[in-house]
Amino acid sequence: MNVVDRFLSYTKYDTQSDELTHMTPSTPGQMIFAQALQKELKQIGMTEISLDENGYLMASLPANTDKEVPVIGFIAHLDTSPDLSGHNVSPRIVKNYDGGVITLCAEENILLDPKEFPELKKYIGEDLIVTNGKTLLGADDKAGIAEIISAMDYLKQHPEIKHGKIRVAFTPDEEIGKGAHKFNVQNFGAAWAYTLDGGEIGELEYENFNAAVAKITFKGRNVHPGYAKHKMINSIRIANQYAIMLPRWETPEHTEGYEGFYHLIGFEGSVEKTVLTYIIRDHDRDRFERRKKELEHLSRKINNEFPDCASIEITDQYYNMREMVEPVMHIVETAAEAMKEAGIVAQVRPVRGGTDGAQLSFKGLPCPNLFAGGHNFHGRYEFVPIHSMEKAMEVIVNIAKLTAQK
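Computed from a predicted structure; not experimentally measured. (Residues numbered from 1 in each chain as written. Predicted model: local features only at pLDDT ≥ 70, side-chain atom pairs only at ≥ 80, totals over all residues. Heavy atoms only, no water.)

(A) Layout of the side chain of Glu-382. Looking at the element boundaries, Glu-382 is found in the loop between strand S16 (369–371) and strand S17 (383–385). Polar side-chain contacts of Glu-382 include one of 2.8 Å to the backbone nitrogen of Ala-139. Residue contacts for Glu-382: discarding those within four places in its chain leaves Ile-129, Val-130, Thr-131, Leu-136, Leu-137, Gly-138, Ala-139, Asp-140, His-375, Asn-376 and Phe-377. (Helix = DSSP H or I, 4+ residues; strand = E, 2+ residues; numbered from the N terminus. Polar contact = N/O pair within 3.5 Å; in protein donor to acceptor, adjacent residues only side chain to side chain. Contact = heavy atoms within 4.5 Å.)

Now the structure itself:
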């Protein structure tokens, strides 16, 4: 089975994660998929295969050289985003893309238009895998899984390519920020690893956002509006006042590159009680801490005007892996060299998000992120070029080969 056939077969599994279940994995479909992959890993000759009760699947490709080579790993996640349905995914291959508009769903006039998605122009002449316009595709991160397993299968069938022991892992719940929470780094046993969870071909990332979530709760007091003067405290209005006190331009829609932001992702309330939920992001650790302090400062300002109205809870989610990867930059350089051998120009850029690799790096497993090839993740306009998937598989093979040579 080649990388495309693998990916298409994987899209049949509904593996959306769900942060409301408070279980690991958060949905049963992820475990069903992990069990299917467990059988496939056995079929292609992997060893030391383990699947724990939390849905973490690990396996080994034994070394085929007597040379002492560090154990390296490759990691991808089982789940797809809760942002759009992953049920009954019906992928379609657009052959020899001509640069025009791709109709995803004719009856609902859902179009993949290069005017809105100009990155399509990079793939004229290539074969693209697209959705039917009703679900996400799942290239994030089933493309990564397909690429890793296909690379292991290729190495198994080509013993002339010398490599050390390679570990692979497939993890649950990355999309809800919990993919690395129960990952046993010691059992994985690699000196370093790579996540296959990036976007377009060539992406190589070793720095990401520092991340936190903040919940600000506003207590109000409801009184009949006809008799409310000097009595009512409307928590919705106060929450709105809080929201507009934050810098207008420091939001996702106004930032790029290394620029951080405050992102309001939830506004739920009534006169009696309103809750704002923000995510806080910044690549720079000092600026990240200042952003958290700013939210606390604004809560105090609100309480000066409306005593004991606002309470805030801030929880750190993950940190910038750069500080853990920089001491071992040779692992990034090896990945860049592997891309060069595959005829790819490495695009080293900061992740405007986070990966399992960020948390794993702070757990003692330095873990840069490599491209898996997809675009427009988490929605109906998601697509992945087949050539990009094939090149990602080639890069994995090259990393294994180069690590043994060095």
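Read on, since the account is not over.
(B) Helix H1 (residues 3–10), seen in detail. Within the sequence span of H1, burial applies to Val-3, Val-4, Arg-6, Phe-7 and Tyr-10. Each buried residue of H1 lies within a common arc of 160° when the element is viewed along its axis, so the set occupies one face. The inward-facing, buried residues of H1 abut helix H2 (28–43), strand S4 (92–94), strand S7 (128–130), helix H3 (139–157), S17 and helix H10 (386–405). Put simply, Asn-2 is the residue that caps the front of H1, since its side-chain oxygen is 3.1 Å from the backbone nitrogen of Val-4. (Buried < 20%, exposed > 50% of the residue type's maximum accessible area, 1.4 Å probe, protein only. Arc of directions from axis to C-beta.)

(C) Region of the structure containing the nonpolar core. Core analysis: the largest hydrophobic core is formed by 80 residues, its most contacted members being Phe-74, Met-152 and Phe-170. Sequence-distant contacts of Phe-170, defined by excluding residues within four places in its chain, comprise Leu-37, Leu-41, Gly-55, Tyr-56, Leu-57, Ala-76, Leu-78, Ile-145, Ile-148 and Ile-149. Membership of the second largest hydrophobic core comes to 19 residues, among which are Phe-218, Tyr-242, Leu-276 and Tyr-278. (Core = buried A, V, L, I, M, F, W, Y, C linked by side-chain atoms within 4.5 Å.)

(D) Spotlight on the pairing of strand S3 (residues 72–77). Counting buried positions along S3 yields six of six residues, so the element is predominantly enclosed. With six bridges joining them, S3 and strand S8 (residues 166–171) adopt parallel strand pairing. Residue pairing for S8: Ile-72 is matched across the bridge by Ile-166. Bridge count between S3 and strand S9 (residues 192–198): four bridges; the pairing is parallel. Within the sheet, the bridge partner assigned to Phe-74 lies in S9 and is Tyr-194. (Pairing = 2+ DSSP bridges.)

(E) Region of interest: the pattern of salt bridges. Under the definition given, this model contains 21 salt bridges. Across the pair Arg-285 and Glu-323 runs a salt bridge whose closest N-O atoms are separated by 3.3 Å. One end of the pair, Arg-285, is in helix H6 (residues 285–305); the other, Glu-323, is in helix H7 (residues 322–325), and 38 residues separate them in sequence. The exposure class of Arg-285 is partly exposed, given its relative accessible area of 31%. Between Lys-292 and Glu-289 there is a salt bridge, with the nearest N and O atoms lying 3.1 Å from each other. Pair noted here: Lys-292 and Glu-289 are both in helix H6, with a separation of three residues, about one helical turn. (Salt bridge = Lys/Arg side-chain N within 4 Å of Asp/Glu carboxyl O.)

(F) Region of interest: the packing of helix H8 (residues 330–341) against H10. Interaxial distance between H8 and H10 falls to 8 Å at its minimum, and their mutual angle equals 120°. Judged by the inter-axis angle, H8 sits oblique to H10. Crossing of H8 against H10: the hand is right-handed. Residue-level contacts link Thr-334, Ala-335, Glu-337, Ala-338, Met-339 and Glu-341 of H8 to Glu-394, Val-395, Asn-398, Ile-399, Lys-401, Leu-402 and Thr-403 of H10. Looking at the contact of H8 with H10, its residues break down into six nonpolar, three polar and four charged. (Axes fitted to C-alpha atoms, helices over the stretch in contact; angles between N-to-C directions. Parallel < 35°, antiparallel > 145°, perpendicular 65-115°, else oblique. Left-handed = near helix turned anticlockwise from the far one by under 90°. Nonpolar A, V, L, I, M, F, W, Y, C, P; charged D, E, K, R; others polar.)

(G) Representation of the sheet that holds S3 in the model. Reading across from one edge, S1-S2-S8-S3-S9-S16-S10-S15 is the order of the eight strands in this open sheet, with mixed pairing throughout. If you trace the sheet from one side to the other, it starts and ends with strand S1 (47–51) and strand S15 (347–348), each paired once. Relative to strand S2 (residues 57–61), S1 runs antiparallel, the two sharing three bridges. Residue pairing in the sheet places Thr-47 in a bridge with Ser-60 of S2. Its contacts with the sheet place H10 against S3, S8, S9 and S16, and it is angled at close to 135° to S16.

(H) Region of interest: the packing of H3 against H10. Where H3 contacts H10, the two axes come as close as 8 Å, and the packing angle between them is 50°. Relative to H10, the element H3 lies oblique. Our pair here, H3 against H10, has a crossing hand that is right-handed. Taken together, the residues of H10 that come into contact with H3 (itself represented by Ala-143, Ala-146, Glu-147, Ile-148, Ser-150, Ala-151, Met-152, Tyr-154 and Leu-155) are Met-389, Ala-392, Met-393, Ile-396, Val-397 and Ala-400.

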